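Chain by chain, the residues:
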Amino acid sequence: MIDFGGTCDLAVWCKLLRDKGWSGPLIARTLGKSEGYVNNLVRVVERAAPTLLLRWKEEQAGQVEHVCATDWLVQVCLLPHELQEAELAHRIQTTAR
């Protein structure tokens, strides 16, 4: 069994498995998660700006304050990268207050 360092690592593994030809339902069954959850994680890895992915990874490692909730990432990754970065900056600023 692989010991994931957090949701970010899990998301990267889900994307890797999808790229290797695994289906969403197979990944979900193997991990004991819902297909929707797996698809959302893959979507974040595919669409999120590198800045967001790096921040998410740093949060999972306990290096910075947690602001990247998975449900927030799923929504914000639908935006263009420059808007994602602006949303992240706003979220960090708002949380720091």
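Structural data are supplied above this passage.
Residues numbered from 1 in each chain as written. Predicted model: local features only at pLDDT ≥ 70, side-chain atom pairs only at ≥ 80, totals over all residues. Heavy atoms only, no water.

Regarding the overall build of the protein
Thinking step 1. Looking only at helices and strands, the protein has six helices and zero strands in total.
Thinking step 2. Beginning at the N terminus, the succession of helices and strands in the protein can be written as α-α-α-α-α-α.
Thinking step 3. For the C-alpha atoms alone, the extent of the protein along its principal axes is close to 40 × 25 × 20 Å.
Thinking step 4. The contacts in the protein between residues at least 6 apart in sequence include a share of 54% that link residues at least 24 apart. (Helix = DSSP H or I, 4+ residues; strand = E, 2+ residues; numbered from the N terminus. Contact = heavy atoms within 4.5 Å.)

Focus: helix H2 (residues 24-31)
Thinking step 1. Among the residues making up H2, those that are buried are Gly 24, Ile 27 and Ala 28. Within H2, the buried residues cover an arc of 100° as seen down the axis, which keeps them to one side.
Thinking step 2. Buried positions along H2 lie against helix H1 (7-19) and helix H3 (35-47).
Thinking step 3. Gly 32 sits one or two residues past H2 and shows a positive phi near 75°. (Buried < 20%, exposed > 50% of the residue type's maximum accessible area, 1.4 Å probe, protein only. Arc of directions from axis to C-beta.)

Some details on the nonpolar core
Thinking step 1. Residues Cys 14, Val 44, Leu 52, Trp 56, Cys 68, Trp 72 and Leu 73 are the most contacted members of the largest nonpolar core, which totals 24 residues.
Thinking step 2. Ignoring anything within four residues of it in the chain, the contact list for Leu 73 reads Val 44, Leu 52, Trp 56 and Cys 68. (Core = buried A, V, L, I, M, F, W, Y, C linked by side-chain atoms within 4.5 Å.)

Some remarks on the side chain of Lys 15
Thinking step 1. Position of Lys 15 relative to the elements: it lies in helix H1.
Thinking step 2. Look at Lys 15 and you get buried, because its relative accessible area is 18%.
Thinking step 3. Leaving out residues up to four positions away in the same chain, Lys 15 has contacts with Val 42, Val 45 and Glu 46.

Remarks on the environment of Ala 49
Thinking step 1. Note that Ala 49 resides in the loop between H3 and helix H4 (50-60).
Thinking step 2. Among the residues examined, Ala 49 registers a relative accessible area of 0% and is labelled buried.

Thoughts on the pattern of salt bridges
Thinking step 1. Scanning the entire structure with this criterion turns up three salt bridges.
Thinking step 2. A salt bridge links Glu 59 to Arg 55, with the nearest nitrogen and oxygen atoms 2.9 Å apart. Remark: Arg 55 and Glu 59 occur in helix H4; sequence separation between them is four residues, near one turn of the helix.
Thinking step 3. Taking relative accessible area as the criterion, Glu 59 reaches 7% and is therefore assigned buried.
Thinking step 4. You can call Arg 55 buried: its relative accessible area is 13%. (Salt bridge = Lys/Arg side-chain N within 4 Å of Asp/Glu carboxyl O.)

Some remarks on the packing of H1 against H3
Thinking step 1. It is the contact of H1 with H3, at a shortest axis distance of 8 Å, that shows an interaxial angle of 90°. Put simply, H1 runs roughly perpendicular to H3. Judged by residue contacts, Thr 7, Leu 10, Ala 11, Val 12, Cys 14, Lys 15 and Arg 18 of H1 engage Tyr 37, Val 38, Asn 39, Leu 41, Val 42, Val 45 and Glu 46 from H3.
Thinking step 2. Its residues assigned to classes, the contact of H1 with H3 shows nine nonpolar, two polar and three charged. (Axes fitted to C-alpha atoms, helices over the stretch in contact; angles between N-to-C directions. Parallel < 35°, antiparallel > 145°, perpendicular 65-115°, else oblique. Nonpolar A, V, L, I, M, F, W, Y, C, P; charged D, E, K, R; others polar.)

By themselves, these are just geometric observations and shouldn't be taken as functional.
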